[in-house]
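The residues making up each chain are set out below.
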Amino acid sequence: MAAARRTSSGSGALCRQLLLTLAILTFSCDACQKVTLHVPSKLDAERLVGRVNLKECFNTANLIHSSDPDFQILEDGSVYTRNTILLSSAKRSFTIFLSNTENQEEREISVLLEHETKKKHSQEKVLRRAKRRWAPIPCSMQENSLGPFPLFLQQIQSDTAQNYTVFYSIRGPGVDQPPQNLFYVEKDTGNLFCTRPVDREQYESFEIIAFATTPDGYTPELPLPLLIKIEDENDNYPIFTETIYIFTVFENCRAGSTVGQVCATDKDEPDTMHTRLKYSIIEQLPAVPTLFSMHPTTGVITTSSSQLDRELNDKYQLKIKVQDMDGQYFGLQTTATCIINIEDVNDHLPVFTRSSYVTTVEENTIDVEILRVTVEDKDLVNTANWRANYTILKGNENRNFKIVTDSRTNEGVLCVVKPLNYEERQQVTLQIAVMNEAPYSKEVSSRSTMSTATVTVNVKNQDEGPECNPPAQTVRIKENAPISTTNNGYKAYDPETRSSSGISYKKLSDPKNWVDVDENSGSITVLRSLDREAESIKNGIYNITVIASDKDGRSCTGTLGIILEDVNDNGPYIPKSTVVICKSTMLFAEIVAVDPDEPTNGPPFEFQLETSDTQTQRMWSLTKVNDTAARISYYNDPSFGRYVVPVRVTDRLGQYRVTSLDVVLCDCVTENDCTLRTDPRTGGGEVILGKWAILAILLGIALLFCILFTLICTTSRADKQPKEFPDDLAQQNLIISNTEAPGDDKVYSISDFTAHGVGASAQGTCGTLGSGVKNGRQETIEMVKGGHQTLESCRGVGHHHHTLDSCRGGHVEVDNCRHTYSEWHSYTQPRLGEKVQLCNQDDHHTHAQDYVLSYNYEGKGSVAGSVGCCSERPEDDGLEFLDYLEPKFRTLAETCIKR
């Protein structure tokens, strides 16, 4: 029985487990298959219909959509309407599809919307009431509340609770957001509670959201925003922004002057009695007299009296208070300290400690201190209000004295800066005054701001030496005066006796040693001929230095300026002895004469040829231009060259000098064209070669010999070429003319083949070497065998036709045959076309990178045309235009013209 009982109990347990599993599966299937929501017959757009617990059916869904486009499903299972819906029948259903794209799982939930038509009017009435009654309800609580906790705040109610079973819930700050668990609501009753005290300074208010839902997840009301305000309590003291305030105010300022402003803050709620502050002064040190007041609301401290005196008290200390609740006795208060420093102004004048002073100084002494004066000043030491400025009001008309301030002691130091003379004044009386650097603060006249004193300076006599006064003296002597001529010299005197007796003189400086100084009298004697026009003489004055001494050896030094009076001892001359006349641009040249003598012995000048040669007189003439200049011109078209023309210039008094002018007649445009020429006509200049240039020439000659030797060895092995045109014509080169503009030259450039028609007058040849020749309308082509030799490299002087023999230095066989241009054209054109067609092609018939390219013509070219025009011009054509070219083209013209 026991076994059977155990077996039956085991079977029962197994059956219960199977039934539980089946129930769970059935519930899950039911959850995934069907959900019923009770709704009214009319659903507005974007309204919450209800909430479906999606996680009970499918935990890992990442894609949710509805089969009915009128409904939208959110991730939390909330069902919202997209449009306004009218349920015509009692039921309406749709399907919610859940899927996971990662593991390819899908679930479906059937949603059934039910409504009873008989309850339509009552439900609409309930909805209207809900919209009217379900609204934010004012709610508040006192900060730092003492409880008891949980503290009831208010009750949340919905009128739909009359028709539905409604559960209440809240979300937001203080619930599920920091600070969490501060508020909660009873699910069934809607009573809202607070669990602990709240500090308003930390959280001024809380905005939470209240929800009302039915057991099946239907939400008959919209979420309700609920604001819970924390009522302020006066729990914070007002606090000054600084513990100690330091201000500065000037002494003697007017009453009502602003000293400074204090400020305090309060963390309680603004614009309430808790933050309405009042300022006041509790205590002043020193207490008497009361000098300051404070505005109760702004905290501005001002002076209440004008009796601030820094010399009596330079600092005041105030104890200040701030109190909330508008200063009522039960308000919270805080104190602070305010220190007010009194700043100095110049309200005290410096005053001399004595009204008169007496001092002594020896004559002829300078830069010595003779007196110190002191002053008293009650202002702040070492400031501009205390520092003194001294000045001399009277008695210093000769600028013998100066008075300065000793910055360390503030004393006035009187000094002598210009020597005094006992013989002139034995006593000097000075009136000195003193002022501060800063202006006086009180309104008084400028004279009353000065303190004055009198200083008497006694001058002591001193035994002095001779005095050189004036230090610079002058005498006049005619230049070229006879030797041993005597004249007055330098004079010194004794300042005490005012005489020159007992004074000896000595010459200290005489640059040219022209004069001698008498030891006893100081007179001068001429030793050499005086020349006013000497180089070292400036403005006609010759200076010597003289020292005067008395019997005790005391001396003074002076300067004697000898003014040399001019005499007419110099004839005028022409400084520029070489004159250039460019015959092509000028017919004359100007010459200018100068006279070292003074203008009274100088111009106007007379110019004339100083020669008896009649040919010179017929060739040259002089024409006066002004008092100092004349023109020299030529007659009878003299040839180019240098000519010596003597010219005599005479001043107004008949003094004259002959200057041999070197006149150069030059074929030039400007004088600079003939500066470096030796031959005025040909322009051959002198060239001086340095050692490095000579060495470079020698190296070039050696290199040229090596090249010539190589060419001789090469050409000696060359075979004679046939007279007819060779087959390898593409390997031959035409001579390049290197012209810079298109002319009558014909150039054909095909890879390594260059053809150049040269218009030369020499007889045409062909073969190894040839030149193009024009005969009537036929042309022949000059050919050069091998390489890239051009005519440029074979250029020579004085030949119309050039061959490669002169370049290579060896023998080259020349075939004297002639071919016309038509023969040359008919022979070369087919071969050129064939060569060009196959030029530098590879196996694929594509041109190589170095294939000959055609170039566009990019410029107009030179307007001068080809240089070859000179050789092609018929001999009977005139080349007179070459006479009008510039001098640098004259050589080219002479080469082209047969003279």
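Residues numbered from 1 in each chain as written. Predicted model: local features only at pLDDT ≥ 70, side-chain atom pairs only at ≥ 80, totals over all residues. Heavy atoms only, no water.

*Asks:* Give a detailed account of the nonpolar core, specifying residues and quantitative values.
*Replies:* Membership of the largest hydrophobic core comes to 24 residues, with the highest contact counts inside it found for W514, I524, I544 and I562. Looking at this core, the elements with two or more residues in it are β35 (472-478), β38 (515-517), β39 (524-526), β40 (541-549) and β41 (555-565). Excluding its chain neighbours within four sequence positions, the residues that come into contact with I544 are S509, D510, V515, V517, I524, G558, T559 and L560. (Core = buried A, V, L, I, M, F, W, Y, C linked by side-chain atoms within 4.5 Å. Buried < 20%, exposed > 50% of the residue type's maximum accessible area, 1.4 Å probe, protein only. Helix = DSSP H or I, 4+ residues; strand = E, 2+ residues; numbered from the N terminus. Contact = heavy atoms within 4.5 Å.)

*Asks:* I'd love a proper account of the state of the cysteines, names of residues and values included.
*Replies:* One pass over the structure, following the stated rule, counts 2 disulfides. One disulfide in the model links C468 with C556; its S-S distance is 2.0 Å. Every disulfide takes its handedness from the sign of the S-S torsion; for C468 and C556 that torsion is 80 degrees, giving right-handed. Of this pair, C468 sits in the loop between β34 (451-460) and β35 while C556 sits in strand β41, placing them 88 residues apart in sequence. The pair formed by C468 and C556 is uniform in burial state, with each residue classed as buried. Here C582 engages in a disulfide with C668; their sulfurs sit 2.0 Å apart. The sign of the S-S torsion, about -95 degrees, decides the handedness of the disulfide formed by C582 and C668: left-handed. Here C668 lies in the loop between β48 (656-666) and α4 (691-715) and C582 lies in strand β42 (residues 578-582), a separation of 86 residues in the sequence. (Disulfide = S-S within 2.5 Å.)

*Asks:* An account of the pattern of salt bridges is requested, with residue identities and associated values reported.
*Replies:* Applying the stated criterion across every chain, the model contains 19 salt bridges. One salt bridge in this structure joins D510 and K507, with 3.2 Å as the shortest N-O distance. The class of D510 is buried, set by a relative accessible area of 13%. Classification of K507 as partly exposed rests on a relative accessible area of 25%. Between K624 and E606 there is a salt bridge; the shortest N-O distance is 3.8 Å. Residue K624 is found in strand β45 (residues 620-624), and its partner E606 is found in strand β44 (residues 606-609); the two are separated by 18 residues along the sequence. On the accessibility criterion, K624 (39% relative accessible area) is partly exposed. We classify E606 as partly exposed; its relative accessible area is 47%. (Salt bridge = Lys/Arg side-chain N within 4 Å of Asp/Glu carboxyl O.)

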